[in-house]
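Secondary and tertiary structure notes
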Amino acid sequence: MTADVGHRVRKTSRRMADGREIIYFDDTEPFADRSAVDGRPLGPVAGGSAEMRYDPLTGEWVAIAAYRNDRTFMPPADQDPLAPTSPGGFPTEIAEASYDVVVFENRFPSFSPRAEGEPGAVDGDPLWPVRPAFGRTEVVCFSSASAGSFGSLSVSRARTVIEAWVDRTATLGRIDGVEHVFIFENRGRQIGVTLPHPHGQIYAFPFVPPKVARMLDMARRHRSSTGGNLFRDILDAERRAGTRVVASSEHWTAYVPAAARWPVEVHVAPHRDVADLTALSGLERDDLARLYGDILRRLDRFYEGDDPLPYISGVFQSPTRTDRDLFRLHLQVFSVLRGPGKLKYLAGVESAMASWVSDTTPERTAARLREVA
């Protein structure tokens, strides 16, 4: 299947040797013919045994995917599974000899369309419901380069990645049983990254994940007491105060939240009320590619030194089917580094009680991020 999407990007869907889908998003013209065949002798795709168990103490679902313990971990440079496959070279996940942006189904999924079985209970006890971990997890390769991150992309390539995010949000959100689409990037060994290749991931959840569910609960309470949208009111308040605003453009504002938990934390919000990426105009997508890349590059200059800042970034979107009028699209990025070479370990109260203690002030963090522009 080949289709044209915005920003002069061509989308081409193919199949890998084990049946997984791989999708090419090309922005380099003339567009390459995506006809390479994945000839690897791959076994069956993992995911059939994926399940999720309900925790009655928290009301949350926990995915159980033991096969993920066997996933690729820091392979040699000449065996990068996310690199293009060079003629006569190591056969990778991408059969083509070159690519711009690629999305494919994860071979070691936390949630899988191949999850088998029927709902039941652990040990037959209704206290612990269990269900197949249905859903989909995808890998997004930002570039064919062997190292880097979203922040190292050109504005044009970042825009192509955003177009891929939009496409996947729409496509995955239409799958029966998918309740939420979460797009994220992990960067750095300190975060637990197992591949240095510039890439992110997408999870299509069969439930609304706990953090979003909590946000929705607070947004519902806010609307009941004030009549306003919580996310809009936070953005307006941050822009009025200005002390924690890092950067602003025509369509977006980046700020350090007033109650930031992490040593370095930035939220990026659109000026217009939209539920998810699919609702963004072309100009808003263009602007996001510029501003978000700028913010990520500032993070690398936050501490003195040459080491890239480890971070987790995520695109927070409305659930696919419910509460779309309550939620508001925004991005969050944070780092676990509280100083050069110093990790913020989530010990005692943070890990055990989810009660946070910040090692700095949001105002100081925002000032530093403005300083390193």
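Residues numbered from 1 in each chain as written. Predicted model: local features only at pLDDT ≥ 70, side-chain atom pairs only at ≥ 80, totals over all residues. Heavy atoms only, no water.

We now examine the overall build of the protein chain. Helix and strand content of the protein chain: 6 helices and 18 strands. Taking 373 residues into account, the globule formula puts the C-alpha radius of gyration at 21 Å, and the protein chain, at 21 Å, falls close to it. Over its C-alpha atoms, taken along the principal directions, the protein chain stretches across nearly 55 × 55 × 40 Å. Residue burial in the protein chain is summarised as follows: out of 373 residues, 51% are buried. Residue pairs in contact within the protein chain that sit at least 24 positions apart in sequence constitute 64% of those at least 6 positions apart. Measuring between centres, the 46 positive side-chain charges of the protein chain sit 3 Å from its 50 negative side-chain charges. (Helix = DSSP H or I, 4+ residues; strand = E, 2+ residues; numbered from the N terminus. Rg over C-alpha atoms; globule rule 2.2 N^0.38 Å. Buried < 20%, exposed > 50% of the residue type's maximum accessible area, 1.4 Å probe, protein only. Contact = heavy atoms within 4.5 Å. Lys, Arg positive; Asp, Glu negative; His and termini not counted. Charge placed at Lys NZ, Arg CZ, Asp CG, Glu CD.)

The end-to-end C-alpha distance of helix α3 (residues 230–241) is 16 Å, a good match for the 16 Å that 12 residues give at a rise of 1.5 Å each. On its buried face, α3 is in contact with α2 (210–226), β12 (245–248), β13 (252–255), β14 (264–270) and β16 (330–335). (Expected span 1.5 Å × (residues − 1).)

Moving on, we come to unusual backbone geometry. Of note, the amide linkage connecting E29 to P30 takes the cis form, showing an omega dihedral of 0°. Located in the positive-phi region is R8, a residue other than glycine, with phi close to 50°. Topologically, R8 is positioned in the loop between β1 (2–5) and β2 (9–15). At A354, a position not held by glycine, the phi torsion is positive, near 55°. Secondary-structure assignment places A354 in the loop between α5 (348–353) and α6 (362–371).

Attention now goes to the sheet that holds strand β8 (residues 129–132). The antiparallel open sheet is built from 4 strands, whose spatial order is β5-β4-β8-β7. Each of the sheet's edge strands pairs with one partner strand only, and the pair in question is β5 (60–64) and β7 (120–121). Bridge count between β7 and β8: 2 bridges; the pairing is antiparallel. Note that in β8 the partner of G120 across the bridge is V130. (Pairing = 2+ DSSP bridges.)

Turning our eyes to something else, we now look at the packing of α2 against α3. Close contact between α2 and α3 brings their axes to 8 Å; oriented N to C, the two are set at 80°. Relative to α3, the element α2 lies roughly perpendicular. For the pair formed by α2 and α3, the contact residues are M215, M218, A219, H222 and T226 on the first element and L230, F231 and D233 on the second. (Axes fitted to C-alpha atoms, helices over the stretch in contact; angles between N-to-C directions. Parallel < 35°, antiparallel > 145°, perpendicular 65-115°, else oblique.)

Here the structure, examined in full by the defined rule, presents 42 salt bridges. Note that R40 and E93 form a salt bridge whose closest N and O atoms lie 2.8 Å from each other. Residue R40 is located in the loop between β3 (21–26) and β4 (51–55), and its partner E93 is located in the loop between β5 and β6 (101–105); the two are separated by 53 residues in the primary sequence. Grouping residues by exposure puts R40 and E93 together as buried. Linked by salt bridges that have partners in common, K11, R15, E21, E105, R114, R136, E138, D167 and R168 make up one network. (Salt bridge = Lys/Arg side-chain N within 4 Å of Asp/Glu carboxyl O.)

What follows covers the nonpolar core. Judged by nonpolar contacts, the single largest core of 51 residues is most densely connected at F150, W165, V266 and V268. Those residues in contact with F150 that sit more than four places away from it in its chain are F142, A158, V161, I162, W165, E185, Y292, L296 and Y311. (Core = buried A, V, L, I, M, F, W, Y, C linked by side-chain atoms within 4.5 Å.)

Attention shifts here to the pairing of strand β11 (residues 199–205). Most of β11 is tucked away: 7 of the 7 residues are buried. The alternating pattern of β11 places H199, Q201, Y203 and F205 and G200, I202 and A204 on opposite faces, both of which are buried. When strand β9 (residues 136–141) meets β11, the two strands line up antiparallel, connected through 6 bridges. In the sheet register, C141 faces β11, and the bridge partner there is H199. Note that strand β10 (residues 180–187) and β11 share 5 bridges and pair antiparallel. Following the sheet pairing, I183 is matched in β11 by I202.

Okay, the packing of aromatic side chains next. Using the criterion set out here, one finds 16 aromatic pairs in the structure. Each ring, one from F182 and one from F184, has its centre 5.3 Å from the other, and the planes form 15°; the classification is stacked. Taken together, the ring pairs connect F111, F182, F184, Y203, F205, F207 and F316 into an aromatic cluster. Stacked on the ring of W61, the Lys or Arg R131 has its end atom at 4.8 Å from the ring centre. (Phe/Tyr/Trp six-rings, centres within 6.5 Å; stacked < 30°, edge-to-face > 60°. Lys NZ or Arg CZ within 6 Å of the ring centre and 35° of its normal.)

The next subject is the packing of helix α1 (residues 155–173) against helix α4 (residues 282–300). Between two packed helices, both the angle of their axes relative to each other and the distance between the axes serve to describe the pair. Packing of α1 against α4 leaves a shortest axis separation of 9 Å and a crossing angle of 125°. If you check the angle between α1 and α4, you find them oblique. Crossing hand, α1 versus α4: right-handed. Packed against α1, whose contacting residues are V155, A158, R159, I162, E163, W165 and V166, the element α4 presents G282, R285, D286, L288, A289, R290 and Y292 at the interface. Here the residues of the contact of α1 with α4 sort into 8 nonpolar, 1 polar and 5 charged. (Left-handed = near helix turned anticlockwise from the far one by under 90°. Nonpolar A, V, L, I, M, F, W, Y, C, P; charged D, E, K, R; others polar.)

Here the focus is the pairing of β8. Of the two faces of β8, only one is covered, namely that formed by V130 and P132; the face formed by P129 and R131 stays uncovered. Sheet topology places β4 next to β8; 3 bridges connect them, and they run antiparallel. Each residue of the ladder has a partner; that of R53, found in β8, is V130.

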